[in-house]
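# Notes for the structure review
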Amino acid sequence: MIPLSWYLLLSAVLFCLGVAGFLIKRNLITVFMSIELMLNAVNLSFVTFAHQWHAVKGQIFVFFVMMVAAAEAAVGLAIIIAVFRVRATLAVDRIDLMKL
Amino acid sequence: MNGSLDLLLIPVLPFAGFLLNGLLGRGLPKWLVSTIALLAPLGSFSVVLRAALAIWGVGSTPLALPYTETCPLPWIDTGTLHIDFSFALDQLALVMLLVVTGVGFLIHIYSVGYMGHEEGYWRYFSYLNLFLFFMTVLVLAGNALLMFVGWEGVGLASYLLIGFWYKKNSAATAGYKAFIVNRIGDFGFLIGLFLLLANFSTLTFSEIAEKLAATPAWQGGVLTAIALCLLVGATGKSAQLPLYVWLPDAMEGPTPVSALIHAATMVTAGVYMIARTHFLFDRSPFALDTVAVVGAATAFFAATIGLVQTDIKRVLAYSTVSQLGYMFLGCGVAAYSAAIFHLVTHAFFKALLFLAAGSVIHALGGEQDMRKMGGLRKRLPVTFWCMTAAVLAIGGFFPFAGFFSKDAILYAAFLHGTGGQVLWFVGLVTALLTSFYMFRLWYLTFLGEPRSEAAHHHATPASMLSVCVILALLSIFGGWIGFGEGLGRLGAFLAPVIGVRSAETNAGKLELYLSIAAVAVAALGWFIADRLYRQRPQRPAELAASLAGPYSLLANKYYVDEIYRAVFVKPLQGISMYLLDWIVDKALLSGGAWILAGVMKFFGAILQRWQSGNLRSYAGWLAAGAAAVLLFILLPWPALLASWFGIHVSWGGN
């Protein structure tokens, strides 16, 4: 039996990788993938705890998260395509119309 | 007589005319504008006539006076203070209304001819109707506050009409001057209202009179203060010393306006107001004496200036100031009905003088300088005869209107003790001056040889001439309403409102002597004018040259405008510019605002850098924020604080 802490550690590592990728990467698609990575890291800890405490709620939450992530992927990719069409670039640093 | 007199209609009709012409007049044809503008005062006049018939009981029992109509909606209703839109009709108001709407209507007719070529025809008539609205409100007002509304309103209408030719700089300035000088007087009136409110806790004239009647011992003191404040208001509106300066300048307005507003009606509002609040003045001998002295001084002072003016309208303006001084003199010796009588006759002959002068000016294509007139008798025969009647009336010749009313005032002044005889003497000298400068005007304008050939002359329309003729008849016969004992029918009619002084009732030989003296003095004035301006036309110039000092003093109107400019206007301008504008406004207020704005801008510029638009920097701040929250929740703060700083805090409940 693999101890609980290993799963949690893996989840934390994956989450931190996601955060780091989100902050560091310049390509919009990579940033987007980092977000997915963070979501799945959280999913992993949900499943871990659900298994540990024999509570089904955690697993249900995972389905919700996956569903939201799927929807987000659909919308997000559409936005990315639209942005690319207009700006002809996916570099996050160049997409900065929001500043004053 | 039962039923309503529809007093409300009297002011509302001109107001409707004002709205119609003022809002739509630009697009309406001239005949329609004239029709609207003439129907409004005609309607008011007929309502007034109906009221007069009801009061004199034609066809039924006479109406009991005072008759009050109150608007069912309250105006001001706060705790102890309750003020309504109430219109009160009594004998005094009726006389005044007849003059205002009657003469007002005539001058409306005259204006149709006089202003026919003007561009702002509709504007002119809407202002004229507006004036009539406010004037009737002023006269009908049952309480002092409503009177004040009318009072301010006529000032506004006067300002608008003086500045009617607003493209002319002098006209616009004269409008300001009239408005500002009037504001000074209005301020006094307003203080008087506050004092009335504080001491009587009502502004309704009848209630104030009742309260005063209940306390017969109450004399002087605060009543003097109230009366003097009201007097300040009256001097502003009625162009008395020291606030008369606006009236001569008001002649920049169209001549019919000068006739209606600045001679016949509005400027008499001060006299009317004093007569309306006479119960206050009666309780304060000091205030009454002040009124009398102000009146006599103004009468004399303005008459001397009138001697040397060369602008025909300015002569008439100073004579108006002078005649208003007579009315104040009458009020000041408590001969209110004599003052009102003079107000009525003055309205007739002064309106006529102005309208006749207007017809002269009209015929000469805008020329107002009497030195360039002369010999107009043949060209303007009707105007000449009308003017003659008016000159005889204002000069005080028997049996013209001015004789009776001026005589009544002088007689009342003479009976007013020792000081009264001084006042009488001043009035008599003024009568001499009046007669002189009016005949001077008459000779210069109508007699002798034409001194310049006017480039073009219009024919005077029949509408203008017929108005002049009506007013001439009134100037000749109008005085007879006050003929006889105690001002005759007029005195008896006004008696219930403003009382009869014993002095006015026992006319005897003395009055006859005084009348003869007055007429003799007037004839002397005529004689001098005749010598100077008919027989030896070069003599006035020689006289002016030999008396250069006094002449230039008079010609420059005693330098009063210059003195006011140096004493009041310049210092005020200095304070406004240097203290208020530069120091207070620009340095303190504006500077403070700029400093605050600068500080905000400075911090804003720093914080602005946060808003980079860079997605990853936002994400970084998000992550840092999340880390900070986690740190805050997870770290054992109470223990840390205790160990670092020795501070002990309890957290929540544990």
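Residues numbered from 1 in each chain as written. Chains lettered and ligands numbered in written order. Predicted model: local features only at pLDDT ≥ 70, side-chain atom pairs only at ≥ 80, totals over all residues.

### Overview of the overall build of chain B
Short version of the rule: Starting at the N terminus, helices and strands are each numbered in turn, a helix being any DSSP run of H or I of at least four residues and a strand any DSSP run of E of at least two. In this scheme every C-beta is placed from the backbone, and a residue whose C-beta has 20 or more other C-beta atoms within 10 Å is buried, one with 12 or fewer is exposed, and one in between is partly exposed. In this description, a residue-residue contact is defined by the distance between C-beta atoms placed from the backbone, which must lie within 7 Å.
Counting its regular elements, chain B contains 27 helices and 2 strands. Counting only C-alpha atoms and orienting by the principal axes, one finds that chain B spans roughly 115 × 65 × 55 Å. The buried share among the 654 residues of chain B stands at 48%. When contacts within chain B are restricted to residue pairs at least 6 apart in sequence, long-range pairs at least 24 apart make up 79% of them.

### Looking at the overall build of chain A
Cut-off, in case you're wondering: Our radius of gyration is a C-alpha quantity, and the globule rule it is checked against amounts to 2.2 Å times the number of residues to the power 0.38.
Along the backbone of chain A there are 3 helices and 0 strands. When its helices and strands are written in sequence order, chain A yields α-α-α. Over its C-alpha trace chain A gives a radius of gyration of 17 Å, far above what one expects of a compact globule, namely 13 Å for 100 residues. Summarising the internal contacts of chain A: among those between residues at least 6 apart in sequence, 47% fall at separations of at least 24.

### Comments concerning the packing of helix α13 (residues 285-306) of chain B against helix α14 (residues 312-332) of chain B
All names here are of chain B. Basically, it comes down to this: To get an axis, a line is fitted to the C-alpha atoms, and for a helix only the part in contact is used. The angle between two axes follows their N-to-C directions and goes from 0 to 180 degrees. Should an angle lie under 35 degrees it is considered roughly parallel, over 145 roughly antiparallel, and from 65 to 115 roughly perpendicular; all remaining angles are considered oblique. The sense of a crossing depends on the near helix, which, turned anticlockwise from the far helix by less than a right angle, makes the crossing left-handed and, turned clockwise, makes it right-handed. Ten residue types, Ala, Val, Leu, Ile, Met, Phe, Trp, Tyr, Cys and Pro, are classed as nonpolar, four, Asp, Glu, Lys and Arg, as charged, and the remainder, Gly among them, as polar.
Direction vectors running N to C along α13 and α14 enclose 160°, while the axes themselves pass 7 Å from each other. In terms of their interaxial angle, α13 and α14 are classed as roughly antiparallel. The two elements α13 and α14 cross, and the hand of that crossing is left-handed. For the contact of α13 with α14, a count of residues per class yields 18 nonpolar, 7 polar and 1 charged.

### Side note on the interface of chain B and chain A
The interface is formed by 10 residues belonging to chain B together with 11 residues belonging to chain A. Top contributing element to the side of chain B that touches chain A by residue count: helix α26 (residues 615-634) of chain B, with 5 residues. Tallied by class, the residues present in the side of chain B that touches chain A amount to 3 nonpolar, 6 polar and 1 charged.

### Focus on the environment of B:Pro248
Residues and elements named next belong to chain B. Relative to the helices and strands, Pro248 resides in helix α9 (residues 246-249). Taking the C-alpha atoms as reference points, Pro248 and Ala198, 50 residues apart in sequence, are found 37 Å from one another. Not counting chain neighbours up to four residues away, the residues in contact with Pro248 comprise Arg314, Ala317 and Tyr318.

### Comments concerning the pairing of strand β2 (residues 81-89) of chain B
All names here are of chain B. Applicable threshold: A pair of strands is considered paired only if DSSP assigns at least 2 bridges between the two.
Across 8 bridges, the pairing between strand β1 (residues 67-78) and β2 is antiparallel. Note that in β2 the partner of Glu69 across the bridge is Phe87. Counted between consecutive antiparallel strands, the loop separating β1 from β2 contains 2 residues, among which Gly79 sits at a positive phi close to 55°.

### Let's talk about the packing of helix α2 (residues 30-55) of chain B against helix α4 (residues 121-140) of chain B
Residues and elements named next belong to chain B. Contact pair α2 / α4: the axes reach a minimum separation of 10 Å and the direction vectors enclose 10°. Taken together, α2 and α4 sit at an angle that is classed as roughly parallel. Side by side, α2 and α4 meet where Lys30, Val33, Ala37, Ala40, Pro41 and Ser44 of the first sit next to Tyr121, Trp122, Phe125, Leu128, Asn129, Leu132 and Thr136 of the second. Partitioned by chemical class, the residues of the contact of α2 with α4 number 9 nonpolar, 3 polar and 1 charged.

### Thoughts on helix α18 (residues 417-446) of chain B
All names here are of chain B. Heads up, the rule is: Any helix carries an expected span of 1.5 Å times its number of residues minus one.
With 30 residues, α18 extends 43 Å from end C-alpha to end C-alpha; this agrees with the ideal 44 Å at 1.5 Å per step. For α18, a buried count of 22 out of 30 residues is recorded, marking the element as mostly surrounded by other parts of the structure. Downstream of α18 by one or two residues, Gly448 has phi in the positive range, about 75°.

### Quick word on helix α19 (residues 462-477) of chain B
Residue and element names in this part refer to chain B. Taking 1.5 Å per residue, 16 residues should reach 22 Å; α19 reaches 22 Å between its end C-alpha atoms and fits that length. All of the buried residues in α19 are Met464, Leu465, Val467, Cys468, Leu471, Ala472, Leu474 and Ser475. Buried residues belonging to α19 abut α3 (91-114), α15 (336-363), α16 (381-395) and α17 (401-414).

### Points about the nonpolar core
The nonpolar side chains of soluble globular proteins are, as a tendency, buried together. Our working rule: Nonpolar core, as used here: buried Ala, Val, Leu, Ile, Met, Phe, Trp, Tyr and Cys residues forming one set through C-beta atoms within 7 Å.
B:Phe131, B:Ala339, B:Ala351, B:Leu352 and B:Ala390 are the most contacted members of the largest nonpolar core, which totals 213 residues. Take this core: its biggest share by element is 19 residues, from α15(B). When near neighbours in sequence (up to four residues on either side) are disregarded, B:Ala351 contacts B:Val103, B:Ile107, B:Ala259, B:Ala263, B:Ala264 and B:Leu471. Listed in part, the 5 residues of the second largest apolar core include A:Phe22, A:Leu28, A:Val31 and A:Phe32.

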